[in-house]
Amino acid sequence: RLLRALEDAGLASQYRPDHRYYLGPLMTRLVNNPQAVHTNLVSCALGQMQRLSALFGEMVELCVMPALQNLTIYEIRGTYDLTVAPDVARVGVPYAGSFYRMQLAQLSDARLRIVMKHLFSHEVQIFGKSGRDEYLRKIHEARRQGYTVSIEEKLPGVIGVAAPIQHYTCPAVIGIVGPEHRMRA
C-alpha cells in the first residue's frame, strides 16, 4: 500500500519489466527546480523579507548554497527608482560579497578547509590583494558576529548585508543589497 501511495503521489514509479521501483517524476521535478525544493524556506522567510523591504526600500534576497554556488531562491526588488538590479548584483568576483561569505561561515571547520583549498587552488588570487588569510578572517568574523557586510566587494558603490538562516539543510542567508549612499544613511 505504501508503494501504491508513493506512485499515486508521483514520488515513485515501477519499471514494469523487472518490477523494481525508482524515483518518480515528481522527485525529478523537485530536484531540478530549486525554488520548489525550498518553498517552505521561502514561506517562512517571506514575512521578514517584506519587513526588510518596507524598512529599507532596497533589494532583499533569500539565498542558499546547495553546492559551492550562491543560488537566489527569492527576491523582493527595491522600491527606489535607482536600485541594484538582480542581474547586476550577481556579477563581479564570484566568491566575494556578504551573501557568499555568510554562507561559508555556516560550514563546519572541516568543510570550510576543503572549500578554501578549492577556492585558492588556482595560481590567480580571486580575492585581490587580501588573499586567503584575510578572506578566512572575514569568514570567522561573520561567524562570530552573526552577520556580515560587504562594501564595494562585488560592485563599486554597492553595499550588501547578510545574516544566516540557522539549522537549514544547506547554508542559507537573507540579506539586502543597495547603493552605498542610501545604505550608509
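Up top you'll find the structure we're talking about.
Note that the structure is a prediction, hence the values are computed from the model and not measured. (Residues numbered from 1 in each chain as written. Predicted model: local features only at pLDDT ≥ 70, side-chain atom pairs only at ≥ 80, totals over all residues. Heavy atoms only, no water.)

Draft legend 1. Structural view of a nonpolar patch on the surface. Among the surface-exposed residues, Tyr147, Val149 and Ile151 lie close enough to one another that they form a single nonpolar patch of about 240 Å² accessible area. Of note, Ile151 is situated in strand 5 (residues 148-151). (Patch = residues over 30% accessible without salt bridge, like charges linked within 9 Å, V, L, I, M, F, W, Y side chains within 5 Å. Areas by Shrake-Rupley, 256 points an atom, 1.4 Å probe, with all protein chains shown as cover. Salt bridge = Lys/Arg side-chain N within 4 Å of Asp/Glu carboxyl O. Helix = DSSP H or I, 4+ residues; strand = E, 2+ residues; numbered from the N terminus.)

Draft legend 2. Quick look at unusual backbone geometry. Its identity is not glycine, yet His19 carries a phi of approximately 60°, on the positive side. Residue placement: His19 occurs in the loop between strand 1 (12-15) and strand 2 (20-23). For Glu152, which is not glycine, the phi torsion reads 55° and is therefore positive. You can see Glu152 is positioned in the loop between strand 5 and strand 6 (158-164).

Draft legend 3. Local environment of the pairing of strand 7 (residues 172-179). The element strand 7 is largely enclosed, with a buried count of 8 among its 8 residues. In this sheet, strand 7 lies alongside strand 3 (residues 59-64) in antiparallel orientation, the contact comprising 6 bridges. Across the sheet, Val64 pairs through a bridge with Ala172, a residue of strand 7. In this structure, strand 6 lies alongside strand 7, joined through 7 bridges in antiparallel fashion. Residue pairing for strand 7: Ile159 is matched across the bridge by Gly178. (Buried < 20%, exposed > 50% of the residue type's maximum accessible area, 1.4 Å probe, protein only. Pairing = 2+ DSSP bridges.)

Draft legend 4. Main features of the pattern of salt bridges. Taken as a whole, this structure holds 9 salt bridges when the rule is applied. The shortest N-O distance in the salt bridge between Arg143 and Asp109 comes to 2.6 Å. Taken together, the positions of Arg143 in helix 8 (residues 131-145) and Asp109 in helix 7 (residues 109-119) put the pair 34 residues apart, joining distant regions of the chain. Overall, the relative accessible area of 30% leaves Arg143 in the partly exposed class. A relative accessible area of 41% places Asp109 in the partly exposed class. Taking the shortest distance from any N to any O, the salt bridge between Lys138 and Glu153 comes out at 3.9 Å. Pair noted here: Lys138 is in helix 8 and Glu153 is in the loop between strand 5 and strand 6, with a separation of 15 residues, a long-range link. Shared partners join several salt bridges into a network, and the residues in it are Arg101, Lys138 and Glu153.

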